[in-house]
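Below are the chains, spelled out letter by letter.
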Amino acid sequence: VFKKSRPDYTKFSLPNLRTTAKSRGIDDRGGRSVIVARLEAQDDVDYLQNALHRSIGPEVSVIRVGPAEGVERELRDFLKRAGLDPVFVAISGDGGSVQGAYIGRGHNGRTVLIRAGQGEVAANVALHEMMHAMRKVKPELYNALREALGEKRIKEAADAYRAKLV
């Protein structure tokens with residue numbers, strides 16, 4: 001925690017914070033403390049914002065928010081059970097073009113960012129981002145699913161997904 005009144009302030013890196021949390025017995029998320037998990041999620045939100053700054057412009061803002069009651073909370077719980085780390089975000093300055101993102105890098109490769117306030121569309125976005133995660137984490141399962149569905153069905157589903165976002 002940064003306190004301006006402390007001249008001996010030392011910034012913790014995520015690896016140091018993980019070690020400190022574990023040594024103090026606050027490790028309660030399968031190897032990650034709640035504090036570390038929140039820092040990792042914020043790091044992924046910052047990563048998305050920087051990527052959008054490069055692709056859209058500096059006017060884009062991405063802020064982590066809590067999931068709304070109803071569909072968003074149910075999606076959060078479902079994605080957690082599926083082994084993913086769902087993070088809901090408020091995005092402005094993108095003209096509504098970004099609905100979600102899978103961050104398959106860094107800490108655990110399981111972060112799924114979902115634009116908050118989409119209502120029922122959020123379920124489609126979550127499923128879409130979950131497929132990206134499956135392709136990275138379990139490519140054999142992803143390939144088996146693609147083969148079982150067939151290219152025609154996948155194209156139809158992708159077209160229907162795009163239509164719902166417009």
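Residues numbered from 1 in each chain as written. Predicted model: local features only at pLDDT ≥ 70, side-chain atom pairs only at ≥ 80, totals over all residues. Heavy atoms only, no water.

Caption draft 1: How the structure looks around the pairing of strand 4 (residues 111–115). Across the 5 residues that make up strand 4, a large majority, 5, are buried. Where burial is concerned, the two faces of strand 4 agree: the one with Thr 111, Leu 113 and Arg 115 and the one with Val 112 and Ile 114 are both buried. Sheet topology places strand 2 (residues 85–92) next to strand 4; 5 bridges connect them, and they run parallel. From the neighbouring strand, Pro 86 faces strand 4, where its bridge partner is Val 112. Pairing of strand 3 (residues 100–103) with strand 4 involves 4 bridges; the strand directions are antiparallel. Residue pairing across strands places Tyr 102 opposite Val 112, the latter belonging to strand 4. (Buried < 20%, exposed > 50% of the residue type's maximum accessible area, 1.4 Å probe, protein only. Helix = DSSP H or I, 4+ residues; strand = E, 2+ residues; numbered from the N terminus. Pairing = 2+ DSSP bridges.)

Caption draft 2: Here's a closer look at the pattern of salt bridges. According to the stated counting rule, one finds 6 salt bridges in the structure shown. Of the charged contacts in the structure, one is a salt bridge between Asp 77 and Arg 76, with a shortest N-O distance of 3.1 Å. Note on Asp 77: relative accessible area 32%, which makes it partly exposed. For Arg 146, the salt bridge goes to Glu 151, with nearest N and O atoms at 3.0 Å. The exposure class of Arg 146 is partly exposed, given its relative accessible area of 27%. Judged by its relative accessible area of 53%, Glu 151 is exposed. (Salt bridge = Lys/Arg side-chain N within 4 Å of Asp/Glu carboxyl O.)

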